[in-house]
Amino acid sequence: MKSAASANVRALVRLVVFICVFFAAFMAVDRLFFSGSNIHPTWEYAAQPGHDPIDILFVGNSHTYTSIDAELLTQATGLNVRELTCASVNGEIVAADLAAFLEYEVPKVVVLEMCPFGATNFEEMRNDKIGLVYEHFDGIPNPLWRLRTLAGVASPKDIPVGLSQLFRGNMMWSRWTFDHGSRSTYDRYGAKRQYQVYYDYRFDSEAISAQYGKAMLEDPEGGMDPTNLEAFEEILELAEKHDFEIWIYNAPTATYDARYARPLSKIISMQGEYPRLRFIDNSMVALPEIGLERTDYYDAGHLNPNGMEKITVWMGKLIADRFQCEFKPDVQAAYKETTVRMLEDGNYRYTFDIFGEGERRFVYSVGDKRVDTGFTDQDWIDEAALTQREIGRFWVYVRSTEAGAEERQYRFVPFTIEHYGASIKSSETIEIKNESNFSNELLFAWYVTNKETNEVEKYPYSNSNIFSYTFAESGTYLFRAYTRQQPEDYRRFTDILTVTYDAETGTLSVDEALDCVTVS
Amino acid sequence: MPVGISFYLFQVTGYLIDVYRKKTEAVRHFGHYFLSLAFFPKLAQGPIAPVEQLAPQFGDRKRLDPLSMRKGAVRILIGLIKKAVIADRLAVIADSVFTAPGQLSALSTAIGIVCYAFQLYTDFAGYTDVAIGTAQMFGIVLPENFKQPYLARSVADFWRRWHLTLSNWLREYIYFPLGGSRVRTVRWAINVLIVFLVSGMWHGSGLTFIIWGAIHALYQIIGKLTAGPRTALKTKLFGKKVIACDILSVASTFVLICAAWTFFRADSSGNAVKMLARLACGDWSFSLAQLGVNAAECWTSLILVILVIAADLISRRASILEWIENRVLPIRWMIYLVMLFVLILFGMYGSLSAQSFIYVSF
């Protein structure tokens, strides 16, 4: 009995020693493989000694980085504006993220986008909830400190996810984007999803305003769930502790979205208590001023580069007022332009004009996703998914073939989207198909607007969803499709595409493919 | 359906038949009997342990045994690696291919089917390892379920290696009572067909599972009927080159098994046919986009498949677990650490990446 007991004690001691060895190995492996490649640019910047202090920090999720162009704001105001954003985060993660970041750098103003504080369903949507936090935590040098932060935000079921991210996020193979389960879905169905989303939502600013108002009348206390409310209050405490202002704004949506409406009234009601809190209402008051149209949206909740530019310019004026500085946006200078062509197989070809002598493309990146690696001198890449590209997070990294040369990063916005197809180039007549998927008894009508003369040609309702149009003169034309369903007489219209026709060369290019449409 | 119902129904049915036949004595202790049915590690996916083997173990007085705890923990770790690192990673490719039946190239389709074969194996074997390891930590011995199935030299051999506890149950309680192989050939063929149709229906009520069972029955029947000529052909072709003959046998068996798995995994029998027909289309172009992975992940998946095969080849001669156990402490710990890091670093986690256990739905 005694020997059995001592064997148990021995085993227990061994177990404790093994756990210690495990953590020691963790630290060693972490150090050994630390490549620094996975640091969020803002973290990386904040960690650099002697950097210019950050004036304004935008914090939020995909709605933030698709509505604000920090680079443009920096150029236009001379202030140092940065983003600390990551897709699909809720308030809990935003708070943890910000708390960790403030250990390094305290900006003068933190602009919080409110969508994360109305989000309750992202936990199910994301496969790497804690990984999101950790994507930024590459900037935190002590892995055990990261563990502590992880424990602060993780629920038990997230621990394996977070632990795996905690390790591999820091390691060289993080570039391999191992979290592939969801990405493969995007790759395969991305483009289809994009069109579907576009098709299903209608932009309706009046309805948005009305519903926001209704939300506030019916729910004056606000609908923030306890977790998000706690996170929000934690950020307010951080503002007190670190002495910075908080601006709240809601990224515009194309339609009513409860994720925005829920926290709205609650946050407004808290303004009086917290003098550092400033709410910027751009849903009801400023929407006409910003001038957003449905064509400024990538989907119901995210702006495309055009929309991003509008909201950034609008926000820039507010910033200039607050900091008493000039605001001179040079929109074109902020981006390099590239051409995106839709190939016949449904993929997209991105063509770059960025290579200097002796330079090769190093890694091609879209948003947070590094899509392709390896040296090549080809100036194009074909990709199936267009989901993230359309919304302006589009980077290409280039590095010289010389060893040790610094990477340079280029940002691109796909201003021009061209359909690729022999028939479009050689024919003066195009056929457009309205792929509305209503139930039976459909009628279709078409409006063709010459965008230069504003003349409108109307083609009344017919039973055919195929529309043939022959160009008479050169110019840019907007094609609008009307759909009417009987017996409810439900009608709606869709701006389908803009076509530029050059009569001299006989070529057509489709500048914007806006909806579920096929062109032949 | 209640979780694990197929497994414990078979367990209790076998027990009742054995008691009825007086092959075993009834378990008099209700707690032991009930626990042998509901013992949590094997409840959801087996192994289908005979009550008469399991119940007596619950009567033994158990003490905390550090050695069993350690061995059990290592077995669990290996199971988790099989599931989270290998099966769920291969699932990305398999799912990409099976969701687009007949639309991909022949090579992509073939890769997808092979990935599914290994996904299914590592998924199920992974769970079994976790179940056996967990039971081992409590001092309970559960039966093994796999014995390097993809190294089988024939389909009959495959069934002596795949899901052993189910195979044993079917043999014991259906095949033998029907007369087994000690009957005329026609009757034997009918017996085999019945056994495999039952096996198919046990996996699910869909037509795909029934076809899968029928295909395996057909394999067995044709295999037996052509055994003589095939042996003669092999002798003529390979003579005394046993290894070459073995490789051909293993490879051809694997191909047959994979063809059957296509029906097992496909959403419908039509889709399975489309996929198999696609293999004959002659388009052997390679496309990462079709597989839904990037180059690194494709290579990783290939390496994992090779590792599974290598581990099975080694396991034929000696138990890897025993080999680890016999190393000196520093080496052993190093192996444990490597396994832990492999699991953490390369595992698939999260609600979208991680997959449910496949057999839990049966």
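Residues numbered from 1 in each chain as written. Chains lettered and ligands numbered in written order. Predicted model: local features only at pLDDT ≥ 70, side-chain atom pairs only at ≥ 80, totals over all residues.

Enquirer: Quick one: what's the story with the overall build of chain B, residue by residue and with numbers?
Expert: Secondary structure assignment for chain B yields 17 helices and 0 strands. Here chain B, with 362 residues, has 39% of them falling under the buried criterion. (Helix = DSSP H or I, 4+ residues; strand = E, 2+ residues; numbered from the N terminus. Buried ≥ 20, exposed ≤ 12 C-beta atoms within 10 Å, placed from the backbone.)

Enquirer: Please set out the overall build of chain A residue by residue, giving values where relevant.
Expert: Within chain A one finds 17 helices and 20 strands. Buried positions account for 39% of the 520 residues belonging to chain A. Long-range pairs, those at least 24 residues apart, make up 74% of the contacts in chain A between residues at least 6 apart in sequence. (Contact = placed C-beta atoms within 7 Å.)

Enquirer: Before we move on, could you go through the nonpolar core and cite the residues and values that matter?
Expert: Ranked by internal contacts, the top residues of the largest apolar core, which has 84 residues, are Leu90(B), Ile93(B) and Ala117(B). In this structure, this core is formed jointly by two domains, domain 1 (5-61) and domain 2 (69-143 + 151-361) of chain B, each of which donates at least three residues. (Core = buried A, V, L, I, M, F, W, Y, C linked by C-beta atoms within 7 Å. Domains from an automatic or database assignment.)

Enquirer: So what about the environment of Leu321(B)? Which residues, and what values?
Expert: Residues and elements named next belong to chain B. Inspection of the secondary structure puts Leu 321 in helix H16 (residues 320-325). Along the primary structure Leu 321 and Val 74 are separated by 247 residues, whereas in three dimensions their C-alpha atoms are 7.9 Å apart. Here Leu 321 is in contact with Lys 71, Val 74 and Arg 75, once residues within four sequence places are set aside.

Enquirer: Account for the environment of Ser269(B), naming residues and giving values.
Expert: All names here are of chain B. Tracing the backbone shows Ser 269 in helix H13 (residues 269-278). Ser 269 sits 62 residues away from Leu 207 along the chain, and the two C-alpha atoms are 6.9 Å apart. Discounting chain neighbours no more than four positions away, the residues touching Ser 269 are Leu 207, Thr 208, Ile 211 and Phe 263.

Enquirer: Run through the sheet that holds strand S4 (residues 245-249) of chain A, naming residues and quoting values.
Expert: All names here are of chain A. With parallel pairing, the 5 strands of this open sheet are ordered in space as S2-S1-S3-S4-S5. The open sheet has two edge strands with one neighbour each: strand S2 (81-85) and strand S5 (277-280). Averaged over neighbouring strand pairs, the angle between their axes works out to 20° when direction is ignored. Relative to strand S3 (residues 109-113), strand S1 (residues 56-60) runs parallel, the two sharing 4 bridges. By the bridge assignment, Ile 56 is partnered in S3 with Val 109. Against the sheet, helix H4 (residues 70-77) makes contact with S1 and S2, and its axis sits at roughly 165° relative to S2, the strand it touches most. Strand contacts of helix H5 (residues 91-102): S1, S2 and S3, with the helix running at about 150° to S1, the strand carrying the most contacts. (Pairing = 2+ DSSP bridges. Axes fitted to C-alpha atoms, helices over the stretch in contact; angles between N-to-C directions.)

Enquirer: Can you break down the packing of helix H10 (residues 207-225) of chain B against helix H12 (residues 242-265) of chain B residue by residue, with the values?
Expert: Residues and elements named next belong to chain B. At a minimum axis distance of 7 Å, the contact between H10 and H12 shows a crossing angle of 160°. Comparing their axes, H12 and H10 come out roughly antiparallel. The handedness of the crossing between H10 and H12 is right-handed. Counting all contacts with H10, which are made through Thr 208, Phe 209, Ile 211, Trp 212, Ile 215, His 216 and Tyr 219, the residues of H12 involved are Leu 256, Ala 260, Phe 263 and Phe 264. Counted by class, the contact of H10 with H12 contains 9 nonpolar, 2 polar and no charged residues. (Parallel < 35°, antiparallel > 145°, perpendicular 65-115°, else oblique. Left-handed = near helix turned anticlockwise from the far one by under 90°. Nonpolar A, V, L, I, M, F, W, Y, C, P; charged D, E, K, R; others polar.)

Enquirer: Before we move on, can you summarise helix H4 (residues 51-59) of chain B with the specific residues and values?
Expert: All names here are of chain B. Those residues of H4 that fall on the buried side of the exposure criterion are Val 51, Leu 54 and Ala 55. One side of H4 carries all its buried residues, which in axial view fall inside an arc of 100°. Next to the buried residues of H4 lie helix H1 (5-20) and helix H2 (30-38). (Arc of directions from axis to C-beta.)

Enquirer: Describe the packing of helix H5 (residues 66-98) of chain B against helix H17 (residues 329-346) of chain B, naming the residues involved and giving the relevant values.
Expert: All names here are of chain B. Here H5 crosses H17 at 30°, and the two axes come no closer than 9 Å. When the axes of H5 and H17 are compared, the pair comes out roughly parallel. As for how H5 packs across H17, the hand of that crossing is left-handed. For the pair formed by H5 and H17, the contact residues are Val 74, Leu 77, Leu 80, Ile 81, Ala 84 and Val 85 on the first element and Tyr 336, Met 339, Leu 340, Val 342, Leu 343 and Phe 346 on the second. For the contact of H5 with H17, the residue count by class is 12 nonpolar, no polar and no charged.

Enquirer: Lay out unusual backbone geometry with the relevant residues and their values.
Expert: Leaving glycine aside, a negative phi is the common case for residues, and trans is the common case for peptide bonds. All names here are of chain B. Phi at Gln 148 takes a positive value of approximately 45°, unusual for a residue other than glycine. Inspection of the secondary structure assignment puts Gln 148 in the loop between helix H6 (106-137) and helix H7 (155-158). Positive phi values are uncommon outside glycine, yet His 163 reaches one of about 45°. Residue His 163 is classed as buried on the basis of its 21 C-beta neighbours within 10 Å.

None of this, on its own, says anything about what the molecule does.
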